[in-house]
Amino acid sequence: LPAHAIAATGVLAGLTLGAGALAAPLQARLGRRTVALAAGCGALGYALTTAAAAGPRILLLPACAVLGAGGGLALGAGLARLPALTRDGRLATVSSGFYASAYLGFGVPFLLAEISIETGIIVPLAALTVLSALLCARQAYSAAQARAN
């Protein structure tokens, strides 16, 4: 890869990780809305990424920031929920399983690359956009139901 491509990849990765680190602590204030907002960030981020794949690559900057924020919110919300789901003395074990599952997400770019060989990159990105939007709608509905009760 040319040097500018490597530098651009580093900037995008740093932007994604930074946005996630900044967003994660916000889950405490967002409460039940956190998961819906995280999924909404996923839908918007994947939509921007899909648009960048078809058009101006500059859209990758906001896409990475939004996807990073969504990932940070999701990770923070998941970790905050673990104590309520575990028995005494099992939090470390459950937390390690949670992190192992979360780290499986690092394989998504590889899967996208493999799928895109057959379909092009826009199809899997559009599918992730739709799946994230559906998850957002479901979680927003659940949060609204919980507030009503």
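The structure this text deals with has already been given above.
Residues numbered from 1 in each chain as written. Predicted model: local features only at pLDDT ≥ 70, side-chain atom pairs only at ≥ 80, totals over all residues. Heavy atoms only, no water.

Draft legend 1. How the structure looks around the environment of Glu118. In this structure, Glu118 sits in helix α6 (residues 108–119). Note: C-alpha distance between Glu118 and Ala102 (16 residues apart in sequence) is 27 Å. (Helix = DSSP H or I, 4+ residues; strand = E, 2+ residues; numbered from the N terminus.)

Draft legend 2. Seen up close, the layout of surface pockets. Reported here for the largest pocket is a volume of approximately 1,800 Å³. What lines the largest pocket is a set of 46 residues, and nearest its centre among them are Thr16, Tyr46, Leu67, Gly71 and Gly105. Put simply, the parts of the chain that give the lining of the largest pocket at least two residues each are α1 (3–23), α3 (34–54), α4 (60–85), α5 (91–103), α6 and α7 (122–148). For the lining of the largest pocket, the leading source of residues is α4, giving 10 residues. Tallied by class, residues from the lining of the largest pocket come to 33 nonpolar, 12 polar and 1 charged. Quantified by volume, the second largest pocket comes out at close to 240 Å³. Along its surface, the second largest pocket is lined by Gln27, Gly31, Arg32, Thr34, Val35, Ala77, Arg81, Gln139, Ser142, Ala143 and Ala146. Counting only elements with at least two residues in the lining of the second largest pocket, the list comes to α3, α4 and α7. (1 Å grid on protein atoms, 1.4 Å probe; cavity = no way out; pocket = protein on both sides within 12 Å on 5 of 7 lines; lining within 4 Å. Points joined across faces, edges and corners; volume = space filled by probe spheres on them. Nonpolar A, V, L, I, M, F, W, Y, C, P; charged D, E, K, R; others polar.)

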